Amino acid sequence: MPTVDASPYPFTFQPESTALLIIDMQRDFVEPGGFGETLGNDVSKLQKVIPPLVRLLGAARAAGLAVIHTREGHVPDLSDCPPAKLNRGAPSMRIGDPGPKGRILIRGEYGHDIVDDLKPLEDEPVIDKPGKGSFYATNLSELLAAKGITSLIVTGVTTEVCVHTTVREANDRGFECLVVSDCVGSYFDEFQQVGLAMVAAQGGIFGWVTPSDKLIEVI
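Residues numbered from 1 in each chain as written. Predicted model: local features only at pLDDT ≥ 70, side-chain atom pairs only at ≥ 80, totals over all residues. Heavy atoms only, no water.

Undergrad: How would you sum up unusual backbone geometry? Please name residues and give values.
TA: Along the chain, S7 connects to P8 via a cis peptide bond; the corresponding omega equals 10°. Assignment of secondary structure puts P8 in the loop between β1 (3-4) and β2 (11-12). Residue T158 is reached from V157 by a cis peptide bond, and omega for that bond is -15°. Inspection of the secondary structure puts T158 in the loop between β8 (151-157) and α7 (159-172). The backbone of D24 sits at a positive phi, close to 60°, despite the residue not being glycine. With respect to the helices and strands, D24 occurs in the loop between β3 (18-23) and α1 (27-30). Take D24: its relative accessible area is 0%, and that puts it in the buried class. Phi at Q202 takes a positive value of approximately 55°, unusual for a residue other than glycine. With respect to the element layout, Q202 can be found in helix α8 (residues 189-204). (Helix = DSSP H or I, 4+ residues; strand = E, 2+ residues; numbered from the N terminus. Buried < 20%, exposed > 50% of the residue type's maximum accessible area, 1.4 Å probe, protein only.)

Laid out in structure tokens, this is it:
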């Protein structure tokens, strides 16, 4: 079984029971004009994730690993978006408002979709989720069970929000999670650093952390 140098100690996995999970690499979060930028964030910090993630995705596909993508967003009438979430954004754009890439975080809109560099293949599942975690109100658990997946290589954005929520959810469900440090990103440098440290703290309380070059070496 492949073993990768990781923190807090090496991570060993079986390729046939491991999936690469790519969280929310959507135009609304990563590109100028999307929801992330309307909140005053520097989206270039998230764009730095794309090149290493493209390389990791290519290696995972070549090795035959399962690949799963997620997108955060809502149905057009916003019936799946609670007020506690919908009210975020003022005085800038809110979820559902018209933006340069279509209605913000609405399924089917241009901005809701995944960036071109990481476009899913036809046989790669795309999980549409209404919340921050990838398991909430989705069929991800059933999909992983059907594929016999027990380990997750976790990538995407943002580190302290959707990535962290998903890793915590996965940990509670018994999955072993490896977070790829340069393939996850935050709008805030301090959140990136602390978010990664929290995953591997206390002997790997939520999982393991490694950079993509070390992982690609063993895939």
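Undergrad: Talk me through the pairing of β3; I want residue IDs and the actual numbers.
TA: With six of six residues buried, β3 lies mostly within the body of the structure. Going residue by residue along β3, you find T18, L20 and I22 tucked away on one face and A19, L21 and I23 tucked away on the opposite face as well. Bridging between β3 and β8 involves six bridges; their strand directions are parallel. From the neighbouring strand, L20 faces β8, where its bridge partner is I153. Alignment of β3 against strand β4 (residues 66-72), held across five bridges, turns out to be parallel. By the bridge assignment for β4, L20 is matched with V67. (Pairing = 2+ DSSP bridges.)

Undergrad: Give a detailed account of α7, specifying residues and quantitative values.
TA: Helix length check: α7 (14 residues) gives 18 Å between terminal C-alpha atoms against 20 Å at 1.5 Å per residue, within 8%. Buried within α7 we find T159, C162, V163, H164, T166, V167, E169 and A170. Those residues of α7 hidden inside the fold are in contact with β3, β4, β7 (126-129), β8, β9 (176-185) and α8. Where α7 ends, the next residue or the one after it, G174, has phi of about 95°, a positive value. (Expected span 1.5 Å × (residues − 1). Contact = heavy atoms within 4.5 Å.)

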